[in-house]
Amino acid sequence: MNIKLFTVALGITLSAAAISASAQKAYTEGVATISMSAMGQSIEAKSYFRTDSSAVAFSSGPANIKILTDNKGTYMAVLVDVAVASIKKAAIASPAEIEEQLAQMPPLTFVPGTETKVINGFNCKKVVATDTKANKSYDIWVTNDVTLPVTNASKYYAKAGGFPIQYMTFQNGQPSEVTVKSIVEQKVPAGTFNIPGDFEKITMDDLKAMSGGGH
């Protein structure tokens, strides 16, 4: 498993949802399909959500990875399932580790633009997001077509003026582009937000060691 891909996905988990005041469609439970580009690789992830929990699931080589979080931003677990190696591990983050991950996200300010376009069926408007610490700017695209349940971590994009459809997540200060491909309202399968009983619970440090030690 590539720990860098995991941390990019973690950035998505921490910044994927935003609040919008003028929604046409308010989702309370369902699944969003997300594509992301990281280190020359394209990854497709499924983001399952409901009002109290979310889970981002994707594959990295032979590993199936799922990141669980709660709506308060106080709980996070990373499930790693590698069938060919008979590995089933669940790394549970401490509150301090969650705070550390959030603190690593660069501070962004948002200035609405005038351009609009349709991305994957969503009516979007351009917003210029500026990393005030690094003095770098990024074009992101938000929509007022939809809202999703708000998590504590979603405050990262809450001031962008809409739900982000094409945006940046960050890993060690490096941006990766994320695009929401679709959002479907549906009942999330039972057990989606739980750690199965056959997974061994470990620490985040154990996970990093297992993944080669890098961030």
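Here is a short report on the structure shown in this document. (Residues numbered from 1 in each chain as written. Predicted model: local features only at pLDDT ≥ 70, side-chain atom pairs only at ≥ 80, totals over all residues. Heavy atoms only, no water.)

On to the overall build of the protein chain. The number of helices and strands found in the protein chain is three helices and 14 strands. Within the span of the protein chain, comprising 215 residues, buried residues form 49% of the whole. Taking all contacts inside the protein chain whose residues are at least 6 apart in sequence as the whole, residues at least 24 apart take part in 55%. Surface accessibility of the protein chain: about 10100 Å² in total, with carbon and sulfur atoms responsible for 50%. (Helix = DSSP H or I, 4+ residues; strand = E, 2+ residues; numbered from the N terminus. Buried < 20%, exposed > 50% of the residue type's maximum accessible area, 1.4 Å probe, protein only. Contact = heavy atoms within 4.5 Å. Areas by Shrake-Rupley, 256 points an atom, 1.4 Å probe, with all protein chains shown as cover.)

Going through the model one piece at a time under the given rule, you end up with eight salt bridges. A salt bridge links Asp198 to Lys88; the shortest N-O distance between them is 2.7 Å. Placement of Asp198 in the loop between strand S13 (174–185) and strand S14 (200–203) and of Lys88 in strand S7 (residues 87–92) is noted, with a sequence separation of 110 residues between them. The salt bridge involving Lys89 is made with Glu200; its shortest N-O contact spans 2.5 Å. Residue Lys89 is located in strand S7, and its partner Glu200 is located in strand S14; the two are separated by 111 residues in the primary sequence. Here the salt bridges do not stand alone but share partners, grouping Glu115, Lys126 and Asp139 into one network. (Salt bridge = Lys/Arg side-chain N within 4 Å of Asp/Glu carboxyl O.)

So, on to the pairing of strand S3 (residues 41–49). Two strands pair when backbone bridges link them, and S3 and strand S4 (residues 53–60) are joined in this way by four bridges, in the antiparallel orientation. By the bridge assignment, Lys46 is partnered in S4 with Ala57. Between S3 and S4, which follow one another and run antiparallel, lie three residues. (Pairing = 2+ DSSP bridges.)

Let's shift gears to the packing of aromatic side chains. We describe a pair of aromatic rings using the distance from one ring centre to the other and the angle between the two ring planes. Across all of its chains, the model carries three aromatic pairs by this definition. A ring pair is formed by Phe110 and Tyr157, whose centres lie 5.8 Å apart and whose planes are at 40 degrees; its orientation type is tilted. Linking Phe110 in strand S8 (residues 108–119) with Tyr157 in the loop between strand S11 (146–147) and strand S12 (163–171), this pair joins segments that are 47 residues apart in sequence. Across the pair, exposure class does not vary: Phe110 and Tyr157 are buried alike. Consider the rings of Tyr138 and Phe170, whose centres lie 5.5 Å apart with planes at 65 degrees: the pair is edge-to-face. Here Tyr138 is found in strand S10 (residues 136–143), whereas its partner Phe170 is found in strand S12, with 32 residues between them in sequence. Given a relative accessible area of 5%, Phe170 falls into the buried group. Over the ring of Tyr27 we find Lys25, and its NZ or CZ is 5.2 Å from the ring centre. (Phe/Tyr/Trp six-rings, centres within 6.5 Å; stacked < 30°, edge-to-face > 60°. Lys NZ or Arg CZ within 6 Å of the ring centre and 35° of its normal.)

This part covers the nonpolar core. Within soluble globular proteins, side chains that are nonpolar generally end up buried alongside one another. In this structure, Val78, Phe110, Ile140, Tyr157, Val180 and Ile183 are the most contacted members of the largest nonpolar core, which totals 47 residues. Sort the elements by how many residues they give to this core and S12 lands first, with five residues. Filtering out sequence-adjacent residues up to four positions away, Val180 remains in contact with Thr33, Ile34, Asn120, Phe122, Phe163, Pro164, Ile165 and Tyr167. Among the nonpolar cores identified, the runner-up in size contains eight residues, and Ala77, Leu79, Ala90 and Phe193 belong to it. (Core = buried A, V, L, I, M, F, W, Y, C linked by side-chain atoms within 4.5 Å.)

With six bridges joining them, strand S6 (residues 76–82) and S7 adopt antiparallel strand pairing. Looking at S7, one finds that Val80 is bridged to Lys89. Two elements, S7 and S14, share four bridges in a ladder whose sense is parallel. By the bridge assignment, Ile92 is partnered in S14 with Thr203.

Turning next to the environment of Glu44. Note on placement: Glu44 falls in strand S3. Considered as a pair, Glu44 and Val180 are 136 residues apart in the sequence and their alpha carbons are 9.8 Å apart. Every residue in contact with Glu44, bar those within four places of it in the chain, is listed here: Thr33, Ile34, Ser35, Ala57, Phe58 and Lys181. At 2.6 Å, the side chain of Glu44 forms a polar contact with the side chain of Lys181. (Polar contact = N/O pair within 3.5 Å; in protein donor to acceptor, adjacent residues only side chain to side chain.)

One can find Asp131 in strand S9 (residues 122–131). Lacking a salt bridge, the buried Asp131 has Lys136 as its closest oppositely charged neighbour, with an N-O distance of 6.8 Å. Those residues within four positions of Asp131 in sequence are excluded, and the remaining contacts are Pro106, Pro107, Leu108, Lys136 and Tyr138. (Lys, Arg positive; Asp, Glu negative; His and termini not counted.)

Spatial relationships are all this shows, so hold off on functional conclusions.
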